[in-house]
Every structure is written in structure tokens, then in C-alpha cells.
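One-letter residues, chain by chain:
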Amino acid sequence: MSEPKNKRQKREDYRAALRANGVTELPRKKFYRQRAHANPFSDHSLIYPPTPEQMDWASLYPHYAVEEPIEQKTEATESEETTGQELSAPAIRKLTKNVEVADIGCGFGGLLIALAPVLPETLVLGLEIRVSVTQFVEDRIKALRVQNEEQKLYRNIAVLRANTMKFMPNFFNKGQLNKIFICFPDPHFKARKHKQRIVSTTLNSEYAYVLRPGGIVYTITDVPDLHEWMVGHFNAHPAFERVSEEEQEADPLVEIMRNETEEGKKVTRHNGQKHVALFRRLEDPQWPEEVSA
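Residues numbered from 1 in each chain as written. Predicted model: local features only at pLDDT ≥ 70, side-chain atom pairs only at ≥ 80, totals over all residues. Heavy atoms only, no water.

Visitor: Hey, could you run me through the pairing of strand 6 (residues 177-183) in this one?
Guide: Here is the key point about a regular strand: its side chains alternate between the two faces of the sheet. With respect to burial, strand 6 is a largely interior element, seven of its seven residues being buried. Where strand 3 (residues 99-104) meets strand 6, four bridges bridge the pair, whose relative direction is parallel. Bridge pairing links Ala102 to Ile180 in strand 6. Note: strand 6 against strand 7 (residues 211-221), six bridges, orientation parallel. (Buried < 20%, exposed > 50% of the residue type's maximum accessible area, 1.4 Å probe, protein only. Helix = DSSP H or I, 4+ residues; strand = E, 2+ residues; numbered from the N terminus. Pairing = 2+ DSSP bridges.)

What follows is the structure, given as C-alpha cells:
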């Protein structure tokens, strides 16, 4: 008599069976459970491109890929230069448009799924550091694409396992994004762990780099202290200004952000309060003209 399978083996068997036949049914979340928090400073053995131009976006958004791949030239090492050799990186298929919206720490993908039909002409990317959670969102998107093939829905969203605290500029060019969502991030309550918060002076500079002028950072949390932290850090950054409450409430994406994430729904069930703040990327200041000698 065989021994009963442990929980991990059951999860692995379920995922393998789901993918073996092609993901056509929505995945069950209980087979993708993982601890809620991950240390962003740990070595997660992540794969990331050296530059945004070397990112294989076509694997995530195949319906937006151009027909012909483009060969990438790599810089030769000193020994290669002396022998006259020229290296070519593997050909990469480019997209007809760039990713313009990023959901940092997308969790189980609730916001991504909700944004897909609302922003049908925009490529939206979810970034998630946890392995199992990323796999769940991948399978969820694959199933939704199959189930809505005739309507051509959910082709504009994808998920990527990534650590944005370390590698965000590796994926996005300067001014590429027009929206960044930071929804219910880990509050890291202990003072010694505040350095792990996804909003900080340094990270805000990276958000300013990848956001185009006029772009918006959307933040939401149910933790008042974290809300004040995020507001304080964005207000203190010279590249951002807070969006007025009137403009904030007129933005239809704010209501989606409040109600469509898994964390947001949990807060609603527990009658919690959600704190929202939006910040606009300002134009870069003009450099002073050089004084002629």
C-alpha cells in the first residue's frame, strides 16, 4: 500500500497535470499557497536581462510579437577583440508596443485581471517575487486567454517573477511606464525591517526613472503607518507631487484598485479601512544654461 502524498507532492502533481494538458481551466489557489512574505534581500536565483533591450517580452505577450526576430549584438571581451571575433546574442522577437503599466507585488493577479478589459490597448505587467504565486498567475492568465480566445481577451496582461527592489531598471527603459501600482505592500512593521519596504527614497528614484512625466504611482494599504510612510517619502521626493483627492476619486482605476485585489477584498470582508494616495511624476527640471566664458 502506497503512502499518502504530502501536501507539497499534491501541489506539484496538480500543477504538472494542469500544464501537461494545456492550461484550459482556472487554477485552484490552494495548490499554489506560499508564505505571505519574502525577503527581497535574499538570493532568489532570479533570471533578469542585462538591459531592457535584451528582455524576451514576446514569450509573455506572444500576440503582440513581431514576425521576425532581431539579432542582438553583444560587446566582445578583450580576448575576442584581439582575435577579431564578433558575438551575437540569441535572436529576440520584439513587440509591436511596450509594456506601459506595472503592478509591483501583484499577488494572485486580481488587479491584472481587472485591468485587462479596462485597458485593452495597453500592455500590463505584474511583478511578483514568490515562485508559487507567480506560477498561479501565469496559469490563471493562460486559462483566461484560452477561455476567451474568440474575444481576444487577456492577451495584454502577463506576470513575471522578479525582485523590483533590485532589478527594475533591467526591465524598463527611462520613461517607459505611465502607471505603477503598489497595492497592499508588506508593511514590515519592525523598525529594523523598514529598509525592506517597497517605498523608499532610493526606490522612488527608480520609479521616477521608469515613469514618464505625467505618469502616476497608485498606492493603497490598510495600514495607517505605512500609508503615512509612503505619502511622506513620495512628497519628499523632488520628482513627484501628490494628486489631489478630487482628481484621485475621479480616476476609474482607483475604484478598481480598491476592490479587485485579493488583499482589498479581504480588507472589505473585515470592514477595514483602505488608504489611497496617488503621485504624479513631474517634468524633469531644466538644466541651467552654461555661462559662456
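Visitor: Is there a simple way to think about the side chain of Arg145 in this case?
Guide: When you line up the elements, Arg145 lands in helix 4 (residues 131-147). No salt bridge is formed by the buried Arg145; its nearest oppositely charged neighbour, Glu138, is found at 10 Å. Engagement of the side chain of Arg145 in a polar contact is seen with the backbone oxygen of Tyr154, the distance being 2.9 Å. (Lys, Arg positive; Asp, Glu negative; His and termini not counted. Salt bridge = Lys/Arg side-chain N within 4 Å of Asp/Glu carboxyl O. Polar contact = N/O pair within 3.5 Å; in protein donor to acceptor, adjacent residues only side chain to side chain.)

Visitor: Sorry, what's going on with the UniProt feature "binding site: S-adenosyl-L-methionine" (unreviewed entry) in the protein here?
Guide: In the numbering used here, UniProt assigns the "binding site: S-adenosyl-L-methionine" (unreviewed entry) feature to Gly105, Glu128, Ile129, Asn163, Thr164, Cys183, Thr261, Glu262 and Glu263. Position of Cys183 among the secondary structure elements: in strand 6. Contact partners of Cys183, with chain neighbours within four places excluded, come to Asp103, Ile104, Leu111, Ile220, Met257 and Thr261. Looking at where Glu263 falls in the secondary structure, it is placed in helix 10 (residues 262-269). (UniProt positions renumbered as here; feature names shortened; annotations may be inferred. Contact = heavy atoms within 4.5 Å.)

Visitor: Help me out: how do you make sense of helix 9 (residues 252-260) in this one?
Guide: Spacing of three or four residues puts side chains on the same side of an α-helix, whose turn is 3.6 residues. Regarding helix 9, the residues found buried are Leu253, Val254, Ile256, Met257 and Arg258. Its buried side turned inward, helix 9 meets helix 3 (110-118), strand 6, strand 7, helix 8 (245-250), helix 10 and strand 9 (275-281). Two to three positions downstream of the cap, the backbone nitrogen of Leu253 sits 2.9 Å from a side-chain oxygen, assigning the N-cap of helix 9 to Asp251.

Visitor: Before we go on, may I ask you to explain the nonpolar core in this structure?
Guide: In a soluble, globular protein the nonpolar side chains are often hidden away together inside. With 43 residues, the main nonpolar core has Trp57, Tyr61, Leu125, Phe172, Ile180 and Tyr207 as its most contacted residues. The contacts of Phe172, once residues within four sequence positions are left out, are Pro52, Trp57, Val99, Ala102, Leu125, Leu127, Leu177, Tyr209 and Val210. (Core = buried A, V, L, I, M, F, W, Y, C linked by side-chain atoms within 4.5 Å.)

Visitor: Sorry, what's going on with the UniProt feature "active site" (unreviewed entry) in the protein here?
Guide: Taken from the UniProt record, the annotation "active site" (unreviewed entry) applies to Asp186. Turning to its location among the elements, Asp186 is positioned in the loop between strand 6 and helix 6 (201-210).

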